[in-house]
Amino acid sequence: MGFNFAVGVLGVVVLAHAAHLTIQYRSLLKITGDEFSAPPFTVILELLAGLGFCLWAALTVPGKFLSIRPQDDENRVVSLPENLDFMIFNHRGKAFPLDATRSSGNLR
């Protein structure tokens, strides 16, 4: 993880540097009175390099993909705790009627 993480950090630093260069370039254009049409070519190259570094890190840092075994008990969508005494079902939803025909005054 060390090398790939360092590549990701390098990508973020390169992107931040490209943003800083673009801000400097725009302030220089304001001073000279020129109009901003596009960033310089070096900034575009830095953006592409930073994108590549960040993409590399995003694909390699999390680790290898593991297969999902559907028969495992841990992969169940609903898993109830062992002791059901501490399950609480009192919440704000009980203030609403169960069906639309019932008035709000006939709550349980």
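Residues numbered from 1 in each chain as written. Predicted model: local features only at pLDDT ≥ 70, side-chain atom pairs only at ≥ 80, totals over all residues. Heavy atoms only, no water.

### Some words on the overall build of the protein chain
Then comes step 1: Across its full length, the protein chain carries two helices and zero strands.
Then comes step 2: Per-residue burial over the protein chain gives 11% buried out of 108 residues.
Then comes step 3: Of all intrachain contacts in the protein chain linking residues separated by at least 6 positions in sequence, the fraction that spans at least 24 positions is 62%.
Then comes step 4: About 9700 Å² of surface is accessible on the protein chain, with carbon and sulfur atoms providing 65% of the total. (Helix = DSSP H or I, 4+ residues; strand = E, 2+ residues; numbered from the N terminus. Buried < 20%, exposed > 50% of the residue type's maximum accessible area, 1.4 Å probe, protein only. Contact = heavy atoms within 4.5 Å. Areas by Shrake-Rupley, 256 points an atom, 1.4 Å probe, with all protein chains shown as cover.)

### As for the packing of helix α1 (residues 2-32) against helix α2 (residues 41-60)
Then comes step 1: At their nearest, the axes of α1 and α2 sit 8 Å apart, and the two run at 155° to each other. It follows from the interaxial angle that α1 and α2 lie roughly antiparallel. For the pair α1 and α2, the sense of crossing is left-handed. Contacts from Asn4, Val7, Gly8, Leu10, Gly11, Val12, Val14, Leu15, His17, Ala18, Leu21 and Thr22 of α1 reach α2 at Val43, Glu46, Leu47, Gly50, Leu51, Phe53, Cys54, Trp56, Ala57 and Thr60.
Then comes step 2: Grouping the amino acids of the contact of α1 with α2 by side-chain chemistry returns 14 nonpolar, seven polar and one charged. (Axes fitted to C-alpha atoms, helices over the stretch in contact; angles between N-to-C directions. Parallel < 35°, antiparallel > 145°, perpendicular 65-115°, else oblique. Left-handed = near helix turned anticlockwise from the far one by under 90°. Nonpolar A, V, L, I, M, F, W, Y, C, P; charged D, E, K, R; others polar.)

### Quick word on the environment of Gly2
Then comes step 1: Relative to the helices and strands, Gly2 resides in helix α1.
Then comes step 2: C-alpha of Gly2 to C-alpha of Val61: the two residues are 59 residues apart in sequence and 8.6 Å apart in space.

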